[in-house]
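Examination of the molecular architecture
Now for the letters of each chain:
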Amino acid sequence: MEEDLTLISRFKAGEMEAFEMLVKKYHNQIINTVFPLVGNVHDAEDITQEVFFKIYHRLDSFRAQAKFSSWLYRVSLNSAYDFLRKQKHKTVSLENIDYADISDGKKPENIFTKDLVQDALNKIPFEFRTVIVLKEIDGLSYREIAQILKISIGTVESRIYRARSMLKKIFVQKWVSRDEM
Amino acid sequence: MKCKYSRLINRYFDNELPQEKKEFIESHIDNCGYCNGELKNLLAIKQNIYQNKIGTNDEFFWQTLKSRIDREKQTQAQPQRLVLEPSALIKKLIPVPILATILVVALLNLSQQYYNPIDEYIFDKTEQLLFEKPENQSTVDALLYQDQ
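Residues numbered from 1 in each chain as written. Chains lettered and ligands numbered in written order. Predicted model: local features only at pLDDT ≥ 70, side-chain atom pairs only at ≥ 80, totals over all residues. Heavy atoms only, no water.

A few points about the packing of aromatic side chains
- For the coordinates displayed, the defined rule picks out 11 aromatic pairs over all chains.
- Both rings, one in Phe11(A) and one in Tyr56(A), keep their centres 5.7 Å apart while their planes meet at 65 degrees; by these two values the pair is edge-to-face. With a gap of 45 residues between them, Phe11(A) in helix H1 (residues 4–12) and Tyr56(A) in helix H3 (residues 41–58) connect regions that are remote in the sequence.
- One aromatic cluster in this structure is built from Phe11(A), Phe19(A), Tyr56(A) and Trp62(B).
- Seen from the ring of Phe53(A), Arg68(B) lies directly overhead, with NZ or CZ sitting 3.8 Å from the centre. (Phe/Tyr/Trp six-rings, centres within 6.5 Å; stacked < 30°, edge-to-face > 60°. Helix = DSSP H or I, 4+ residues; strand = E, 2+ residues; numbered from the N terminus. Lys NZ or Arg CZ within 6 Å of the ring centre and 35° of its normal.)

Okay, here's the thing in structure tokens:
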């Protein structure tokens, strides 16, 4: 697989095949990053199309100061955020979650389903959802996430920790309510 | 009870700890029920988020994107048709500043040509009052002279 910068240079020289290679290299990663953020496959596909359409238009002005993948992630996260803002997607506020009350005796892995995971992700604020997706889906390091989001590594660590605490809290609540039925 | 090292468990799980801390946490996990459970929870969260990944078709995605790019290129390549409606033609051919200048000149011209017989009458009569004494006074004139 050719290096991103080589492909970008070839695209700038007029080779559409180079852009095709970039798209095929990254589109699966991007759609899987966007999907847990927006919670709907069709929306994720539309947003990913829009992301690569924007990239096609802006690639000429890309100056290799940052990694291409970081730039691509950033455009994707912004697009997902804009989409959710337009949709007025509702998230629970941080104040609604009592971190001290997280049960440590339950094992939530037994009750997780795809729908439940997505429902839980939808309930946490966007900035926390973003870091947890970049960590768990894309397997990026704290440093890489910090570069994409332009925040400090300490903030990344803190957000991941809090995102996991929120998710665990939601899972445990679901588990308890299911047991009571 | 929550363990004071629970936050370090997160960093350990993410492989973000330096070697010496990593070794410490590994030995701690073996002896701490809370941290052991916490590690399992982290693994469960990761597995469950990861299982939500969707499969996509590279070629279909590319073809859809390419069609959109091609459509846009075609639209840009089409020459713009000249609109033949008179108002649109005027807008295209005569720029706004020129149109505004023409309008101002036309208005000034009109105002000069405008004739008001009452103004002219009053002006003439004032001149007569100031510079000459009229011999034959009309009724209106007589009334005007009564004030003096």
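A closer look at the pattern of salt bridges
Residue and element names in this part refer to chain A.
- Applying the stated rule across the entire model yields 14 salt bridges over all chains.
- We note a salt bridge from arginine 85 to aspartate 82, for which the minimum N-O separation is 3.3 Å. Here aspartate 82 and arginine 85 lie together in helix H4 (residues 68–87), a separation of 3 residues that amounts to about one turn.
- What makes aspartate 82 partly exposed here is its relative accessible area of 28%. (Salt bridge = Lys/Arg side-chain N within 4 Å of Asp/Glu carboxyl O. Buried < 20%, exposed > 50% of the residue type's maximum accessible area, 1.4 Å probe, protein only.)

Remarks on helix H2 (residues 19–31) of chain B
Residues and elements named next belong to chain B.
- Taking 1.5 Å per residue as the helical rise, H2 with its 13 residues ought to reach 18 Å, and the 19 Å between its terminal C-alpha atoms agrees with that figure.
- Where H2 is concerned, the buried positions are Ile25, His28 and Ile29. Buried residues of H2 fall within an arc of 100 degrees about the axis and therefore sit on the same side. Residues of H2 that are exposed and point over 90 degrees away from its buried face: Glu20, Asp30 and Asn31.
- Of the surrounding secondary structure, the elements contacted by the buried residues of H2 are helix H1 (6–13) and helix H3 (33–50). (Expected span 1.5 Å × (residues − 1). Arc of directions from axis to C-beta. Contact = heavy atoms within 4.5 Å.)

Structural notes on the interface of chain B and chain A
- In this complex, chain B contributes 36 residues to the contact, which on the side of chain A involves 44 residues.
- Summing both sides of the interface, chain B and chain A together bury roughly 4,100 Å²; the carbon and sulfur share of this comes to 59%.
- When the buried area of chain B at its contact with chain A is split by residue, Ile49(B), Phe61(B) and Trp62(B) rank highest and sum to 17% of it.
- The interface formed by chain B and chain A contains 6 salt bridges.
- The shortest N-O distance in the salt bridge between Lys24(A) and Glu59(B) comes to 2.6 Å.
- Our enumeration of links across chain B and chain A arrives at 17 residue pairs in polar contact (both at pLDDT 80 or more).
- Elements represented by at least two residues in the side of chain B that touches chain A include exactly H1, H3 and helix H4 (58–77) of chain B.
- Looking at the side of chain B that touches chain A, the element that brings in the most residues is H3(B), giving 11 residues. (Buried area = accessible area lost by both parts, 1.4 Å probe. Polar contact = N/O pair within 3.5 Å; in protein donor to acceptor, adjacent residues only side chain to side chain.)

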